[in-house]
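So you can see what is in the structure, the chains are spelled out below.
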Amino acid sequence: AGVRYSSVSIALEGRALFGPMVDASGVGIASSYYAGSIGACGHYAALFACGRVELGSLRFEPPDGATGTPLNFLFAGLGLQIGAEWSFAEHLALNGYAEMRIATRAPIALQFPVSHRVAWSSSPASPGLGLGLVVSY
């Protein structure tokens, strides 16, 4: 949800990302990410650029049928996003963008409890590409 006035906009966004079951050093885990963000954007013709602040939770779950408690890690980051918007109807537009988020917390590491060997770890930078539908009224 957002508000746009001429060449400036501000928006509140939510994300939910679901990863497939993967093998992390011999252990199957499923990951998911839930986040909320606020972004301020500048617009020029069909182009836009945004700065954003994001807070979320990265969750690791054991495979179906396995016992174990899901692990939740807090994520906080800052990001930049650039893209273009194509208006194809009076109140509808499609936008494509590239973004880079930088974690403001220490990288997340999923370790085995006994050996303390790292099975999975996050990187400080998270690049992404996206495609979105914009509905306006």
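It should be emphasised that the depicted structure is a prediction, and the values quoted were computed from it without experimental measurement.

Engineer: What's the story with the overall build of the chain in this structure? I'm lost.
Structural biologist: Secondary structure summary: the chain contains 0 helices and 10 strands in total. Secondary structure elements of the chain, listed N to C terminal, follow the sequence β-β-β-β-β-β-β-β-β-β. Within the chain, the fraction of its 137 residues that count as buried is 25%. Considering only residue pairs separated by 6 or more positions, the chain has 53% of its internal contacts joining residues 24 or more positions apart. For the chain, the accessible surface area stands at approximately 9,000 Å², while carbon and sulfur atoms represent 66% of it.

Engineer: Can you help me understand the packing of aromatic side chains in this one?
Structural biologist: Geometry of an aromatic ring pair is reported as the spacing of the ring centres plus the angle between the planes. Under the counting rule described, the total for this entry stands at 4 aromatic pairs. Ring centres of Tyr 33 and Phe 75 lie 5.8 Å apart, and the angle between their planes is 85 degrees; on these two criteria the pair is classed as edge-to-face. Of this pair, Tyr 33 sits in strand S4 (residues 27-44) while Phe 75 sits in strand S6 (residues 71-89), and the two are 42 residues apart along the sequence. Residue classification places Tyr 33 among the buried positions, given a relative accessible area of 8%. Residues Trp 86 and Phe 88 carry aromatic rings whose centres are separated by 5.4 Å and whose planes lie at 35 degrees to one another, so their mutual orientation is tilted. Its relative accessible area of 39% is what places Phe 88 among the partly exposed residues.

Engineer: Explain the state of the cysteines to me, please; I cannot follow it from the model alone.
Structural biologist: Every disulfide links exactly two cysteines, by a covalent bond between their sulfur atoms. Tallied over the entire structure, the rule returns 1 disulfide. Residue pairing for Cys 41: its cysteine sulfur links by disulfide to Cys 50, the two sulfurs lying 1.9 Å apart. Since a negative S-S torsion denotes a left-handed disulfide, the Cys 41-Cys 50 link at about 100 degrees is right-handed. The two residues Cys 41 and Cys 50 agree in class, both being buried.

Engineer: When you look at the side chain of Arg 101 in this model, what are you seeing that I'm missing?
Structural biologist: As for its placement among the helices and strands, Arg 101 is situated in strand S7 (residues 92-103). You can call Arg 101 buried: its relative accessible area is 11%. Side chain to side chain, Arg 101 and Glu 54 meet in a polar contact 2.2 Å long. The residues contacting Arg 101, other than those within four sequence positions of it, are Arg 15, Tyr 33, Glu 54, Phe 75, Leu 78, Gly 79, Pro 124, Ala 125 and Ser 126.

Engineer: Can you walk me through the nonpolar core in this structure?
Structural biologist: Generally speaking, a soluble globular protein has its nonpolar side chains buried in company with each other. Membership of the largest hydrophobic core is limited to 8 residues, which are Ile 29, Tyr 33, Ala 35, Leu 58, Phe 60, Phe 75, Ile 108 and Leu 110. Contributions of two or more residues to this core are made by S4 and strand S5 (47-61). A total of 3 residues in this core trace back to one element, the largest contributor, which is S4.

Engineer: Got a minute to help me understand the confidence of the model for the chain in this structure?
Structural biologist: Averaged over every residue, the pLDDT of the chain is 84; the share at 70 or more is 87%. Confidence scores differ between elements of the chain, with strand S9 (residues 118-121) showing the lowest mean pLDDT of 70 and S7 the highest of 93.

About the criteria used
Residues numbered from 1 in each chain as written. Predicted model: local features only at pLDDT ≥ 70, side-chain atom pairs only at ≥ 80, totals over all residues. Heavy atoms only, no water. Helix = DSSP H or I, 4+ residues; strand = E, 2+ residues; numbered from the N terminus. Buried < 20%, exposed > 50% of the residue type's maximum accessible area, 1.4 Å probe, protein only. Contact = heavy atoms within 4.5 Å. Areas by Shrake-Rupley, 256 points an atom, 1.4 Å probe, with all protein chains shown as cover. Phe/Tyr/Trp six-rings, centres within 6.5 Å; stacked < 30°, edge-to-face > 60°. Disulfide = S-S within 2.5 Å. Polar contact = N/O pair within 3.5 Å; in protein donor to acceptor, adjacent residues only side chain to side chain. Core = buried A, V, L, I, M, F, W, Y, C linked by side-chain atoms within 4.5 Å. pLDDT = per-residue confidence, 0-100.

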